[in-house]
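# Structure assessment
The residues making up each chain are set out below.
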Amino acid sequence: MRIYGIDFTCAPGPRKPITVAACELDGDRLVLADLLRLRTLDHFERALAEPGPWVAAMDFPFGLPRSVVRGLGWPPAWSDYVEHAASLGKAGYEQALTEHRRSQPAGRRHPLRVTDRLARGQSPVMLHGVPLAKMFFAGAPRLLRSPLSILPCRPTTDPRVVLEAYPGCAARKLLLARRGYKGEGRTRQTPAQRQGRAELLEALTGRRVRGVYELGVEINRFRRDQLLDDAQGDLVDALLAAVQAAWACRRRECNWGLPVACDPAEGWIADPACLRA
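Only a predicted model underlies this, so the values are computations on that prediction, with no experimental measurement involved. (Residues numbered from 1 in each chain as written. Predicted model: local features only at pLDDT ≥ 70, side-chain atom pairs only at ≥ 80, totals over all residues. Heavy atoms only, no water.)

### Quick look at the overall build of the protein chain
- Secondary structure assignment for the protein chain yields eleven helices and seven strands.
- For 277 residues, the compact-globule formula gives about 19 Å, and the C-alpha radius of gyration of the protein chain, at 18 Å, lands near that figure.
- Its C-alpha atoms give the protein chain principal-axis dimensions of about 50 × 45 × 35 Å.
- Put simply, 66% of the contacts in the protein chain that link residues at least 6 apart link residues at least 24 apart.
- Of the accessible surface of the protein chain, which amounts to about 12,600 Å², a share of 50% is contributed by carbon and sulfur atoms.
- Taking the 41 positively charged and 30 negatively charged side chains of the protein chain as two groups, their mean positions are separated by 5 Å. (Helix = DSSP H or I, 4+ residues; strand = E, 2+ residues; numbered from the N terminus. Rg over C-alpha atoms; globule rule 2.2 N^0.38 Å. Contact = heavy atoms within 4.5 Å. Areas by Shrake-Rupley, 256 points an atom, 1.4 Å probe, with all protein chains shown as cover. Lys, Arg positive; Asp, Glu negative; His and termini not counted. Charge placed at Lys NZ, Arg CZ, Asp CG, Glu CD.)

Written as structure tokens, this is what we have:
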């Protein structure tokens, strides 16, 4: 089975592209075949049109907290509110979120989905810092326009399946020490961050990944050097997303590793940390 891990950005370009780890899953062996860079959102959409079967995990929130959708007065179903958000345009969408945030009391301005709490993630309505709300706006409507099976938000019979990833959750599980592995470009890379990537790759290709994700990951020397040399850590994040996709794929007969009770309107991160619903 072809497996893709995708580290997404809402404004890709030559300096910060969308990165893709293209892998092959054979039983419990995940083999990294290629590392790709998509420099525009049009390239991302063309990648979504690749014939299947394949499974991909993508690092952006597929949905928003139900409380926010309700507070905005948007339709409650995932397909409907994603379509509505897209219809507002980027400026209108961001203004709606900003006004809603300002109307909330302190401590409730950046609510989490259930899956975000379990994965120790951040709020998908954040517009600044880590702009997850902008990533939702760039990514979710493009998924909606596709025929893909989007789990758990909009399952279809399409042989191409997409799930939500959160590489940070996987990194925390695999790194024994609390160590950063990402910088803001080659000029701001530190030896400690490179060492963090080296430790992550050691965990990914050793026993630890089997203990957490029940997989063996194989990376050749050329790809390993590419992963180590990427100071921003985006290629490593794409590979971590691929591990989450493969973990879910091996549980496709059991609801793809997603709790039966998870909320399809909010979306769900594919990771063993989120099995409790």
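### Focus: the pairing of strand E6 (residues 160–164)
- For E6, the buried fraction is high: five of the five residues fall into the buried class.
- The side-chain alternation of E6 yields two buried faces, one formed by Arg160, Val162 and Glu164 and the other by Val161 and Leu163.
- Strand direction decides the pairing type here: strand E4 (residues 54–58) and E6, joined by five bridges, are parallel. Among the inter-strand pairings, Trp54 is bridged to a residue of E6, identified as Arg160. (Buried < 20%, exposed > 50% of the residue type's maximum accessible area, 1.4 Å probe, protein only. Pairing = 2+ DSSP bridges.)

### Quick word on the sheet that holds strand E3 (residues 29–38)
- Taking strand neighbours across the sheet as the criterion, the seven strands line up as E5-E6-E4-E1-E2-E3-E7 in an open arrangement whose pairing is mixed. The two strands at the open ends of the sheet, each matched to only one other strand, are strand E5 (149–150) and strand E7 (216–218).
- Across six bridges, strand E1 (residues 2–7) lies against strand E2 (residues 18–26) in antiparallel orientation. Each bridged residue has a counterpart across the sheet, and for Arg2 the counterpart in E2 is Glu24.

### Some thoughts on the pattern of salt bridges
- Scanning the model with the defined rule gives 15 salt bridges in all.
- Residue Glu218 is joined to Arg29 by a salt bridge in which the shortest nitrogen-to-oxygen separation is 2.8 Å. Within this pair, whereas Glu218 is found in strand E7, its partner Arg29 is found in strand E3, the two being separated by 189 residues in sequence.
- Take Arg29: its relative accessible area is 32%, and that puts it in the partly exposed class.
- Of the charged contacts in the structure, one is a salt bridge between Arg251 and Glu214, with a shortest N-O distance of 2.7 Å. Of the two residues, Arg251 is situated in the segment after helix H11 (234–249) and Glu214 in the loop between helix H9 (207–213) and E7; the sequence distance between them amounts to 37 residues.
- Looking at Arg251, the relative accessible area reads 18%, which means it is buried. (Salt bridge = Lys/Arg side-chain N within 4 Å of Asp/Glu carboxyl O.)

### Regarding the packing of aromatic side chains
- A full pass over the atoms with the stated rule returns eight aromatic pairs.
- Centroid distance Phe60 to Phe62: 5.1 Å. Interplanar angle 50°. Geometry classified as tilted.
- For Phe62, a relative accessible area of 0% translates into the label buried.
- Among the aromatic residues, those joined into a cluster by ring pairs are Trp74, Tyr81, Tyr93, Phe136 and Phe137. (Phe/Tyr/Trp six-rings, centres within 6.5 Å; stacked < 30°, edge-to-face > 60°.)

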